[in-house]
Amino acid sequence: MGCEKADLVLHDGNIFGHPESDSVAIGAGSIIAFGRFRELKSYIGPRTHLVRLGGRVLAPGFIDCHQHFMEGAAVATGISLVRCRTIGDLLADLRVAAAKTPPGNWLRAFGCDEALMHERRRPTRDELDQAVPKNPLRLRHQTLHASWLNSRAIAALGLESDQFVLPEGGQILRDATGRPTGLVVGMEEWLSARLPRVTVAEMESRARFYSHELAANGITAFTDATVRNGSEEVAAFSRLAASGSIKQRVSLMVGPRHLKGISSLRKTAAASGMQIAGVKFMHVTQWEPEILTQTILEAIGQDADCAFHVTELEELDAAVRACSRAWPQVAQPQLNQLRIEHGGLIPPEYPEQIAALGAWVVTNPSFIYYRGAKYAAEPGLIPYLYRGQSLRRAGIKLAGGTDAPVTPAKPLYAIATAVTRVSLEGYELAPAEGLSIEAAFALFTRAAAQLSRLPSGEIMNGRLADLIVLPADPTKLQPAELMNLAVETTIVGGQIVYERGRPVTSQAAGLPLFS
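What counts as what
All residue numbers refer to position in the chain's written sequence, counted from 1. Where local features are concerned, this predicted model is filtered to residues with pLDDT of at least 70; where side-chain atom pairs are given and counted, the filter is 80 or more; whole-chain, interface and lining totals use all residues. In computing side-chain values, all of the structure's heavy atoms are included and hydrogens and water are not. Numbering of helices and strands starts at the N terminus; helices are DSSP runs of H or I of at least 4 residues and strands are runs of E of at least 2. Using a 1.4 Å probe, the Shrake-Rupley method yields the accessible areas, and only the shown protein chains count as cover for residues. By the counting scheme adopted, Arg and Lys are positive, Glu and Asp are negative, and His together with the chain ends is not counted. Charge positions come from single atoms, namely NZ of Lys, CZ of Arg, CG of Asp or CD of Glu. Any carboxyl oxygen of Asp or Glu within 4 Å of a side-chain nitrogen of Lys or Arg constitutes a salt bridge here. Buried and open spaces are told apart on a 1 Å grid over the protein atoms alone, a cavity being a set of points where a 1.4 Å probe fits but cannot get out and a pocket being an open set with protein on both sides within 12 Å along at least five of seven lines. Residues with an atom within 4 Å of a point are the lining residues. Grid points are joined across faces, edges and corners, and a volume is the space filled by probe spheres set on the points. Any residue that is not Ala, Val, Leu, Ile, Met, Phe, Trp, Tyr, Cys, Pro, Asp, Glu, Lys or Arg is counted as polar, Gly included; the first ten are nonpolar and the last four charged. Under the pairing criterion, centres of Phe, Tyr and Trp rings, with the six-membered ring standing for Trp, must be within 6.5 Å; the plane angle then separates stacked pairs below 30 degrees from edge-to-face pairs above 60, leaving the rest tilted. Think of it in three bands: with a 1.4 Å probe and only protein chains considered, a residue is buried below 20% of the maximum accessible area for its type, exposed above 50%, and partly exposed in between. Criterion for a charge above a ring: Arg CZ or Lys NZ at most 6 Å from the ring centre, at most 35 degrees from the ring normal. When DSSP finds at least two bridges between two strands, those strands are taken to pair. Only buried Ala, Val, Leu, Ile, Met, Phe, Trp, Tyr and Cys residues count toward a nonpolar core, and they belong to the same one when joined by side-chain atoms within 4.5 Å. Contact criterion: two residues are considered in contact whenever any of their non-hydrogen atoms come within 4.5 Å of each other. For every residue, the predictor reports its confidence as pLDDT, a number between 0 and 100. Inter-axis angles, ranging from 0 to 180 degrees, are taken between N-to-C directions of lines fitted to C-alpha atoms, where helices are fitted over the stretch in contact. What sets the label is the angle itself: under 35 degrees gives roughly parallel, over 145 gives roughly antiparallel, 65 to 115 gives roughly perpendicular, and the rest give oblique. To estimate how far a helix should extend, the number of its residues minus one is multiplied by 1.5 Å.

Engineer: Just give me the short version of the overall build of the chain, but keep the residues and values in it.
Structural biologist: In terms of regular secondary structure, the chain is built from 18 helices and 23 strands. Dimensions of the chain along its principal axes, counting C-alpha atoms only, are 85 × 55 × 50 Å. Working note: accessible area of the chain is about 21500 Å², and carbon and sulfur atoms make up 51% of it. If the 52 positive side-chain charges of the chain are averaged to one point and the 52 negative ones to another, these points end up 5 Å apart.

Set out below in structure tokens:
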């Protein structure tokens, strides 16, 4: 009886993790064999597509365990000010964007962080008014937790009206006279709900463009960690995934208020090949401790992972305490269950507690690279910042996320920084926390697959054929070379979704193997 025929065979290359192999055979979206090409010839049939690697490296695709897809898509297709490092440059870019926008239309921009500005200050309301005089402006903070508004936006939203009611958890910063400065904090959902809605066609266009950008960076799967995700957002993602606008495998976190309807959300997600990754907890210091504990237990009872936004010490303490209260009441802990998202600051007394809970830390090495100038100004915190090696020694499971668009969705940059711990400006931050290149690569492959419950992340028979082609072995390069390594091909489920140099329109929905 003949063996299964492959849909795709990649040959004459170097197979990551298998130095004795030069070829991989793929069938029905999974890896069915790997080895020397002569050993795989029995898998080749009349409908098998052959791709010659020519000595290049075939590696597992990257899994981004924490990003914000819709925000990333908006930034990728909109006005990004991430590269601005002076107030003057930021205002100049806003003036250019305003000149291209019809008067009265909302201007949306992203990427300002006063801690990264050379002046170490925020843009003022008057400066924003001068740069954007004819349009209401929303300039989102690079952390996604605040926004700047100009006077036209403040008026359009009625923030200075006597009838205005501040939303719960919101804050409008004011100057000494009581006048709003333009910076509003904790009102992101409120603002988004009141700005003109993005049309379905525009959302699809944004998603296609950004998904292509992810594929160009080697990302074959991601988890969207947006706390506002609920039935409307899951349905929107489902439409985008089903239409092919999103090429990657998609997992979604949902907010705690949607926990009771999680079974229905799972059905919606599964219909388009997605999965619900778990429940995202924000602002855990503001929760009543017992309510937080009970919500954790409810989520685990629904077999949902609990992911805690932790960038500050107070958030870490609240999350660890709540999990420690809940964990003894869990009858049979499952594979993952508990996730510390970011782990921005983890002092010495916490790793042992985190390890005892079996919790994962989803770390963001790119923060060291892109936001290092901010951290360098706080030397007392540097030893506990986005720790790597010491957490591994403590037995804590680590996976990686880019947190895009807070930092760019570039896993190779994150991997290189996890090794060097050096910022864009050259600051070396806690180099003892650096990982080996193999351990850093696993953050976005093998470990990320385990956390995401995906049978991928390594080249083995039966694993999903989510793969990338690189011009060189990443484990044999210097970190600076790794950052400049171009992904040449990205494959999801055996389908080529990206080829470097190929026009975007010809690979929008995945390149068919046969024509």
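Don't stop here, the text continues.
Engineer: Which residues make up the pattern of salt bridges, and what values do they have?
Structural biologist: As enumerated under the stated definition, the model contains 23 salt bridges in all. We note a salt bridge from glutamate 232 to arginine 197, for which the minimum N-O separation is 2.7 Å. Within this pair, whereas glutamate 232 is found in helix H7 (residues 231-243), its partner arginine 197 is found in the loop between helix H5 (188-194) and helix H6 (200-216), the two being separated by 35 residues in sequence. Among the ionic pairs, arginine 463 bridges to glutamate 458, the shortest N-O distance being 2.8 Å.

Engineer: Can you explain empty space enclosed by the protein? Please cite residues and give values.
Structural biologist: Applying the stated criterion to the full structure yields one cavity of 30 Å³ or more. One number sums up the size of the largest cavity: a volume of about 70 Å³. Every residue along the wall of the largest cavity is listed here: Thr363, Pro365, Ile368, Tyr386, Arg387, Gly388, Thr417, Ala418, Arg421, Glu433, Leu435 and Leu443. Partitioned by chemical class, the residues of the lining of the largest cavity number six nonpolar, three polar and three charged.

Engineer: So, the packing of aromatic side chains: which residues are in play, and what are the values?
Structural biologist: According to the stated counting rule, one finds 13 aromatic pairs in the structure shown. Geometrically, the ring pair formed by phenylalanine 281 and phenylalanine 308 is stacked, given 5.1 Å between the ring centres and 20° between the ring planes. In this pair, phenylalanine 281 is assigned in strand S16 (residues 275-281) and phenylalanine 308 in strand S17 (residues 305-310), connecting sequence segments 27 residues apart. The pair phenylalanine 281 / phenylalanine 308 is uniform in exposure class, with both members buried. The rings of Phe69, Tyr210, Phe222 and Phe237 are connected pair by pair, giving a single aromatic cluster. The ring of tyrosine 413 carries the charged tip of lysine 410 above its face, separated from the ring centre by 5.1 Å.

Engineer: Before we move on, could you go through the pairing of strand S3 (residues 23-27) and cite the residues and values that matter?
Structural biologist: Among the five residues that make up S3, five are buried, leaving the element largely enclosed by the rest of the structure. Linkage of S3 to strand S4 (residues 30-35), two consecutive antiparallel strands, is achieved through a turn of two residues, within which alanine 28 is found at a positive phi near 55°.

Engineer: Please provide a residue-by-residue account of the layout of surface pockets, values included.
Structural biologist: Taken as a whole, the second largest pocket spans an internal volume of roughly 1400 Å³. Surrounding the second largest pocket, 45 residues form its lining, Arg108, Ser192, Val198, Arg206 and Arg228 being those nearest its centre. Of all elements in the fold, only helix H1 (69-76), strand S9 (107-112), strand S10 (137-141), H5, H6 and H7 reach the threshold of two or more residues within the lining of the second largest pocket. With seven residues, H7 is the largest single contributor of residues to the lining of the second largest pocket. Of the residues in the lining of the second largest pocket, the class split is 21 nonpolar, 10 polar and 14 charged.

Engineer: Describe the nonpolar core, and please don't skip the residues or the numbers.
Structural biologist: Ranked by internal contacts, the top residues of the largest apolar core, which has 78 residues, are Phe69, Ile296, Phe308, Leu338 and Ile354. It is helix H10 (residues 313-326) that provides the largest number of residues to this core, a total of seven residues. With sequence-adjacent residues up to four places away left out, phenylalanine 308 is seen in contact with Phe281, Val284, Leu292, Ile296, Ala319, Cys323, Leu338, Arg339, Ile340 and Glu341. Leu81, Leu91, Leu128 and Ala131 belong to the second largest nonpolar core, which has 21 residues in total.

Engineer: Describe the confidence of the model for the chain, listing the residues and the values that go with them.
Structural biologist: Model confidence for the chain is summarised by a mean pLDDT of 94, while 96% of its residues fall at 70 or above. Taken together, the stretch residues 506-515 has pLDDT below 50 and engages in 28 contacts with residues farther than four places along the chain or on a different chain.

Engineer: Mind laying out the sheet that holds strand S15 (residues 249-254), listing which residues take part and the relevant values?
Structural biologist: The parallel open sheet is built from eight strands, whose spatial order is S7-S14-S15-S16-S17-S18-S19-S20. Looking at the sheet topology across the chains shown, the edges are occupied by strand S7 (62-67) and strand S20 (397-400). Taking each pair of neighbouring strands and ignoring which way they run, the sheet shows an average axis angle of 25°. Looking at chain direction, strand S18 (residues 338-342) and strand S19 (residues 360-363) are connected through four bridges and run parallel. Each residue of the ladder has a partner; that of histidine 342, found in S19, is threonine 363. Each of strand S14 (219-224), S15 and S16 is contacted by H7, which is oriented at about 175° to S15, the strand it contacts most.

Engineer: Which residues make up unusual backbone geometry, and what values do they have?
Structural biologist: With an omega of 10°, the peptide bond between alanine 404 and proline 405 qualifies as cis. One non-glycine residue, aspartate 12, adopts positive backbone phi at about 60°. Tracing the backbone shows aspartate 12 in the loop between strand S1 (8-11) and strand S2 (14-15). A relative accessible area of 31% places aspartate 12 in the partly exposed class. One non-glycine residue with positive phi stands out, namely aspartate 403, at about 60°. The residue aspartate 403 is located in the loop between S20 and helix H15 (411-420) in this model. Among the residues examined, aspartate 403 registers a relative accessible area of 5% and is labelled buried.

Engineer: Could you give an account of the packing of H7 against helix H8 (residues 262-271), naming the residues involved and the relevant values?
Structural biologist: Two elements in contact, H7 and H8, have axes whose closest approach is 8 Å; the angle formed by their N-to-C orientations is 10°. For the element pair H7 / H8, the angle class is roughly parallel. Every residue of H8 that contacts H7 at Ser231, Val234, Ala235 and Ser238 is listed here: Leu265, Thr268 and Ala269. Considered class by class, the residues forming the contact of H7 with H8 number four nonpolar, three polar and no charged.

Engineer: Run through H7, naming residues and quoting values.
Structural biologist: Its 13 residues give H7 an end-to-end C-alpha distance of 18 Å, which sits within 8% of 18 Å, the value for a rise of 1.5 Å per residue. Packing partners of the buried residues in H7 comprise H1, H6, S14, S15, H8 and S16. Positive backbone phi, approximately 85°, marks glycine 244, located one or two places after H7.

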